[in-house]
Amino acid sequence: MRINVEEAIEKLLANQLVAMPTETVYGLAARLTCPGAIKKIFEIKGRSLVNPLIIHVANPIDVCAYAIALPPHFDALTHAFWPGPLTLIVPIQLDLVDSIVRAGLPTAAFRMPSHPLTLHVIRAVGPLVMPSANLSGKPSSTDVKHVEMDFGLDFPVLDGGPCQEGVESTILHYRNSQWEIARLGALSATVFQPILGYEPIYQKIVKNDQIISPGQMFRHYAPQATLFLGDQKQITEADFIVGFTEKSYPVEKRVLYLGSLSNPHEVAENLYAVLRQLDFEKAKIAWVDMDFPSEGLWKTIAERLSRAGEK
Ligand code: AMP
Ligand code: MG
């Protein structure tokens, strides 16, 4: 059910869930102060309770209400990138954020999204927790149609058009006197150099037995089809090819185009829609062209495709 901003505000205030647009992907929102509604998010997504949620705020100053102390460069980072696709993990006062939100961790993740409709709603109802609006394990939703595919036509969704970034936020975590990337995302490591004086490194899952970002442990972004990632020998077995507009592929295959090799933003924007299109067309095996640059946003694209291909 497509709803307007006033209806979204009304439903959230009545402790109901609403799917909402952001510039990265659509989110499934509940108010931070409603643990009952938040529990429902985990239930309807089929999300593990050990996978914490991002708190979405309308102003950087709102984080101060929850944080014990803000890590160095917090203000410079929010000044440079908020509103936008950057999530920052900070140590918080435990009694102020329900344990279900942070999966029992002593930290919480914060972001200020830039989508004007969602900012308007947050200003009206207070901070929202909002994981991606997809069934756990499936590709994220970058259009209202995707939300409807996963949660049905009756589920309330605020239509904000297609998402501009198309991939999730970059998550930074401050550890051992440095910011590190806990999840690759729409912002690549290089953009932080002028602010931090160094490029944050990407820590994959676990270091010294410490979980950096629990979400990294779970199967994610996957279509029904088996994905073959880039191995030329496997191309004959595939019924579909996921590739790039300037490349040519065997004519007998159905090709779904991610976009141009000269435009990683376009590719990121189309990524989840293409993975969902494979499901829609009942693809069995899709061969994915992984022959693209490895720098910047391409790194995030490669990571999403690799995770989508995990069985
Ligand atoms: P999603 O909402 O589906 O984009 O996933 C949220 C991501 O944020 C997951 O990868 C979580 O692991 C990560 N996250 C949220 N809160 C924390 C936290 N306190 N510490 C580390 N990672 C977090
Ligand atoms: Mg997600």
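Computed from a predicted model, the values in this text were never measured in an experiment.

Visitor: Describe helix 3 (residues 74-81), with residues and values.
Guide: Buried within helix 3 we find Phe74, Leu77, Thr78 and Phe81. One face of helix 3 carries all of its buried residues, which in axial projection span an arc of 95 degrees. Seen from the open side of helix 3, the exposed residues pointing more than 90 degrees away from its buried face are Asp75 and His79. As for helix 3, its buried residues are in contact with strand 5 (86-91), strand 9 (170-175), strand 10 (178-183) and helix 7 (193-196).

Visitor: Account for the sheet that holds strand 15 (residues 254-259), with residues named and values stated.
Guide: What the 4 strands build is an open sheet, ordered 13-16-14-15; its pairing is parallel. The open sheet has two edge strands with one neighbour each: strand 13 (226-229) and strand 15. Strand-to-strand twist in this sheet, taken as the mean axis angle between neighbours without regard to direction, amounts to 25 degrees. The sheet strands contacting helix 8 (residues 264-280) are strand 13, strand 14 (240-244), strand 15 and strand 16 (285-288), and the helix crosses strand 15 at an angle near 150 degrees. Relative to strand 13, helix 9 (residues 297-308) is tilted by about 135 degrees, and along the sheet it contacts strand 13, strand 14 and strand 16.

Visitor: Tell me what's going on with the UniProt feature "binding site: ATP" (unreviewed entry) in the chain, and back it up with residues and numbers.
Guide: When the UniProt feature table is mapped onto this chain, "binding site: ATP" (unreviewed entry) is found at Arg47, Asn51, Thr107, Ser132, Ser140, Arg183 and Tyr221. Judged by maximum C-alpha separation, these annotated positions cover 175 residues in sequence and are scattered in space, the widest gap reaching 25.2 Å. For Ser140, the location among the structural elements is in the loop between strand 7 (128-129) and helix 6 (144-151). Filtering out sequence-adjacent residues up to four positions away, Ser140 remains in contact with Val25, Ser132, Asn134, His146, Glu168, Tyr221, Tyr272 and Arg276. For Tyr221, the location among the structural elements is in the loop between strand 12 (210-211) and strand 13.

The rules behind the values
Position numbers for residues count from 1 along each chain, tracking the sequence in the order it is written. For naming, the first written chain is A and the first written ligand is 1, with later ones following in the order written. Selection of residues for local features in this predicted model requires a pLDDT of at least 70, selection of side-chain atom pairs for listing and counting requires 80 or more, and totals for whole chains, interfaces and linings are taken over all residues. The side-chain numbers reported here are obtained from all heavy atoms of the structure, hydrogens and water having been left aside. Think of it in three bands: residues with accessible area under 20% of the maximum for their type are buried, residues over 50% are exposed, and the middle band is partly exposed, with areas taken using a 1.4 Å probe on protein chains only. Counting from the N terminus, the helices are the DSSP runs of H or I reaching at least four residues and the strands are the DSSP runs of E reaching at least two. Here the arc refers to the set of directions running from the helix axis out to each C-beta atom. Contacts between residues were defined by any pair of non-hydrogen atoms, one from each residue, lying within 4.5 Å. Strand pairing follows a simple DSSP-based rule, namely that at least 2 bridges must link the two strands. Here the axes come from fitting lines to C-alpha atoms, over the contacting stretch only for helices, and the angles between their N-to-C directions go from 0 to 180 degrees. UniProt positions are given in the numbering used here, feature names are shortened, and annotations may be inferred rather than shown by experiment.

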